[in-house]
Amino acid sequence: MHLLCSMPSGVFSKRCQEEMIDIYFDVFGTKIKVSSCCLNFISALKENLFYFKSRASKECDIEIYFEYINFPFKKDLNKFNEGSVLVCSTGAKVYSGEGSISIADFNIPGLSIKAKVDNWNYTINARYKLSKKSFILRRTPGPEDFLKISRYLLQYPLFQLMRERKGLFFIHASAIEINGAGYVFFGLPGSGKSRCVMQLLRNEGAHFISDNFLFFNTSKELFAFPELLRIYEHWGSSWRENSHVSRINIGKTKKSFFRVSEDTIKGRAKIQKAFFLKRAGAEKLAAVDTQEFISTLLAVEKFTKDFYEYSYIDLLNLSGVKLASLDCSRRSELAYLLNGIDCYDLFIEEGSANSRLLERIL
């Protein structure tokens with residue numbers, strides 16, 4: 001997969017360089033190369049996917065070239081959608097033509113992506129153009145902005161590629177491992193997934209799998225996709241005292257970023273139990289029928305931006321390329337993971353990490 005992106009360089013970001021910097025990742029055999037003159041983007045990516053950093057490789061499944069357009073008043077001579085026609089406009093404007101598809105997503109104004117598939121080789125050209133308002137107010141992209149953009153340019157295409165080539169599905173969830181058993185925590189953003197994981201990591205023998213996304217296969221095996229933990233300041237200082245994590249200073253952000261120590265990460269585990277976190281006035285645990293649990297997950301995925309964002313690459317179907325060779329519904333995918341697994345609704349009291357109840361369950 002080849003990824004070419006344009007992002008602003010130079011006027012405001014003093015850390016941008018003219019020479020390209022290369023960084024390599026290896027995600028369970030899928031090799032990725034990122035080249036960019038924007039040091040801020042490279043630094044954020046290095047920190048976020050530190051677990052998958054690898055040596056240089058001549059042949060990569062994904063190649064990303066990242067630049068930055070920082071002067072919005074200059075006329076853009078390169079017509080990005082030339083030769084294409086508008087085919088839909090919902091969460092994104094989608095153009096199709098000449099065997100390719102162009103996407104301008106409303107979640108990140110200024111970011112445009114052009115994708116083409118040929119013999120399972122992905123070519124994705126993308127660019128980010130600073131808005132006039134941001135230029136005037138001197139608002140340059142921060143670490144959180146770069147991490148969000150990196151999801152579109154690296155992670156979501158990667159998820160699609162892992163599904164196509166390795167038969168791995170993906171979910172938005174947190175997970176830990178204890179004695180080979182995996183415990184997965186689902187829930188809406190802010191429901192307490194990260195806090196549960198951070199608290200349980202204090203236990204002897206507990207290992208970190210993922211905090212945001214993870215892969216799984218039809219054998220109910222979990223594959224880790226560890227990223228930096230994003231933790232709000234109001235969660236309290238106790239999270240900073242966890243010996244398994246260290247705070248990463250990557251600029252002024254709304255959240256604190258923590259890296260889990262590599263010796264605490266477990267790459268794989270067999271799923272043992274699944275929990276759906278819900279807010280309530282008191283702590284409570286209730287067993288749930290598997291199909292009911294899956295229905296809840298499907299509803300949440302439809303009404304949260306997370307699933308929409310990491311499934312947007314399916315729009316490549318509009319370019320005439322047949323994707324999703326595994327050809328199964330989302331319900332079937334989740335059934336592979338959860339059928340025969342103990343599923344629970346976990347009600348969490350406001351302001352509580354629910355640690356005592358969780359430790360008793362585990």
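For the structure, see preceding data.
Sorry, what's going on with the overall build of the chain here?
The helix and strand tally for the chain stands at 8 helices and 22 strands. The buried share of the chain, taken over its 362 residues, is 54%. Roughly 16800 Å² of accessible area belongs to the chain as shown, and the carbon and sulfur atoms make up 47% of that amount.

In this structure, what is going on with helix α3 (residues 143-166)? I would like to understand it.
Along an α-helix, residues three or four apart share an orientation, since each turn contains 3.6 residues. Where α3 bends most, at Arg-151, the angle is about 45°. In terms of burial, α3 is largely enclosed, as 19 of its 24 residues are buried. Positive phi appears at Gly-167, one or two residues downstream of α3, with a value of about 65°.

What is the right way to look at the packing of aromatic side chains in this model?
The description of an aromatic ring pair rests on the distance of the ring centres and on the angle between the ring planes. A complete count under the given rule lists 20 aromatic pairs for this structure. Judged by centre distance (5.4 Å) and plane angle (85°), the rings of Phe-28 and Phe-223 are edge-to-face. Note that Phe-28 is positioned in the loop between β2 (16-27) and β3 (30-38) and Phe-223 in strand β16 (residues 221-223), a separation of 195 residues in sequence. A relative accessible area of 22% means that Phe-28 is categorised as partly exposed. With a centroid separation of 5.7 Å and an interplanar angle of 80°, the aromatic rings of Phe-215 and Phe-225 are classed as edge-to-face. Of this pair, Phe-215 sits in strand β15 (residues 213-216) while Phe-225 sits in the loop between β16 and β17 (229-232); the two residues are 10 residues apart in sequence, bridging distant segments of the chain.

Is there a simple way to explain the side chain of Ser-35 in this structure?
Within the secondary structure, Ser-35 sits in strand β3. Assessed through its relative accessible area of 3%, Ser-35 is described here as buried. For Ser-35, the contacting residues outside a window of four places in its chain are Met-20, Ile-21, Asp-22, Ile-64, Tyr-65 and Phe-66.

Help me understand the pattern of salt bridges in this model?
Note on pairing: side chains with opposite charge can pair once their charged atoms come close. Per the counting criterion, the structure on display carries 8 salt bridges. Between Glu-301 and Arg-330 there is a salt bridge; the shortest N-O distance is 2.8 Å. Of this pair, Glu-301 sits in helix α5 (residues 290-302) while Arg-330 sits in helix α7 (residues 330-338), placing them 29 residues apart in sequence. A relative accessible area of 11% places Glu-301 in the buried class.

So what exactly am I meant to see when it comes to the environment of Phe-293 here?
Of note, Phe-293 is situated in helix α5. Here Phe-293 is in contact with Phe-186, Ala-274, Phe-275, Phe-276, Val-288, Leu-338, Cys-343 and Tyr-344, once residues within four sequence places are set aside.

Sorry, what's going on with the packing of helix α1 (residues 39-48) against α3 here?
Helix-helix packing is characterised by the crossing angle of the two axes and by the distance between the axes. At a minimum axis distance of 10 Å, the contact between α1 and α3 shows a crossing angle of 75°. When the axis of α1 is compared with that of α3, the two are roughly perpendicular. Counted together, Asn-40, Phe-41, Ala-44, Leu-45 and Asn-48 of α1 and Phe-146, Leu-147, Ser-150, Leu-154 and Gln-155 of α3 form the full contact between these two elements. Grouping the amino acids of the contact of α1 with α3 by side-chain chemistry returns 6 nonpolar, 4 polar and no charged.

What exactly am I supposed to notice about the environment of Asn-339 here?
In this fold, Asn-339 is placed in the loop between α7 and β22 (342-349). Distance from Asn-339 to Lys-220, taken between C-alpha atoms, is 9.1 Å for residues 119 residues apart in sequence. Apart from the residues lying within four places of it in its own chain, the contact partners of Asn-339 are Lys-220, Thr-290 and Gln-291.

What exactly am I supposed to notice about the packing of α5 against α7 here?
Running from N to C, α5 and α7 cross one another at 130°; their axes reach a closest spacing of 10 Å. On the basis of the axis angle, α5 is oblique to α7. Two packed elements cross with a definite hand, and for α5 against α7 that hand is right-handed. Contact residues: Thr-290, Gln-291, Phe-293, Ile-294, Ser-295, Leu-297, Leu-298 and Glu-301 in α5; Arg-330, Arg-331, Leu-334, Ala-335 and Leu-338 in α7.

For this particular structure, what's the right way to read unusual backbone geometry?
Backbone geometry follows two general trends: most residues other than glycine have a negative phi, and most peptide bonds adopt the trans configuration. Even without glycine at this site, Phe-28 takes up a positive phi of about 50°. The phi dihedral of Lys-220 is positive, around 65°, even though this residue is not glycine. Along the chain, Lys-220 falls in the loop between β15 and β16. Residue classification places Lys-220 among the partly exposed residues on the basis of a relative accessible area of 21%.

Sorry if this is basic, but what is going on with the pairing of strand β7 (residues 92-97) here?
Taken residue by residue, a regular strand's side chains alternate between the two faces of the sheet. Most of β7 sits out of view: 5 of its 6 residues are buried. Bridge count for β7 against strand β8 (residues 100-105) is 6 bridges, and the pairing is antiparallel. In the strand pairing of β8, Lys-93 is matched with Ala-104.

Help me out: how do you make sense of the pairing of strand β5 (residues 62-66) in this one?
Burial within β5 is extensive, with 4 of its 5 residues counted as buried. Of the pairings in the sheet, the one linking β3 to β5 comprises 5 bridges and is parallel in character. Bridged to Val-34 within β5 is Ile-64.

Quick notes on the rules
Along each chain, the written sequence defines residue order, and numbers are assigned to residues from 1. Predicted model: local features are reported for residues with pLDDT of at least 70 only, side-chain atom pairs are reported and counted for 80 or more only, and whole-chain, interface and lining totals are derived from all residues. As a convention, hydrogens and water are excluded, and side-chain values are obtained from all of the structure's heavy atoms. Only DSSP runs of H or I with at least four residues qualify as helices, and only runs of E with at least two residues qualify as strands; both kinds are numbered from the N terminus onward. Note on classification: 1.4 Å probe, protein chains only; a residue is buried when its accessible area is under 20% of the maximum for its type, exposed when over 50%, partly exposed between these limits. Under the convention used here, a 1.4 Å probe and the Shrake-Rupley method define accessible areas, while residue burial counts only the protein chains that appear. The angle between axes fitted to the seven-residue stretch ending at a residue and the seven-residue stretch beginning at it gives the bend at that residue. In this scheme Phe, Tyr and Trp rings, the latter by its six-membered ring, pair at centre separations within 6.5 Å, and the angle between planes marks the pair as stacked below 30 degrees, edge-to-face above 60, and tilted otherwise. Note on contacts: a residue pair qualifies if any of its non-hydrogen atoms lie within 4.5 Å across the two residues. Throughout this description, the term salt bridge denotes a Lys or Arg side-chain nitrogen within 4 Å of a carboxyl oxygen of Asp or Glu. To get an axis, a line is fitted to the C-alpha atoms, and for a helix only the part in contact is used. The angle between two axes follows their N-to-C directions and goes from 0 to 180 degrees. Oblique is the label for any angle not covered by the other classes, which are roughly parallel (under 35 degrees), roughly antiparallel (over 145) and roughly perpendicular (65 to 115). Under the grouping applied here, Gly and all other residues not named as nonpolar or charged are polar, the nonpolar ones being Ala, Val, Leu, Ile, Met, Phe, Trp, Tyr, Cys and Pro and the charged ones Asp, Glu, Lys and Arg. Left-handed is the label given to a crossing in which the near helix is rotated counterclockwise from the far helix by less than a right angle, and right-handed is the label when the rotation is clockwise. Pairing between strands is defined by DSSP: at least two bridges between them are needed.

Bear in mind that shape data such as this cannot, by itself, settle questions of function.
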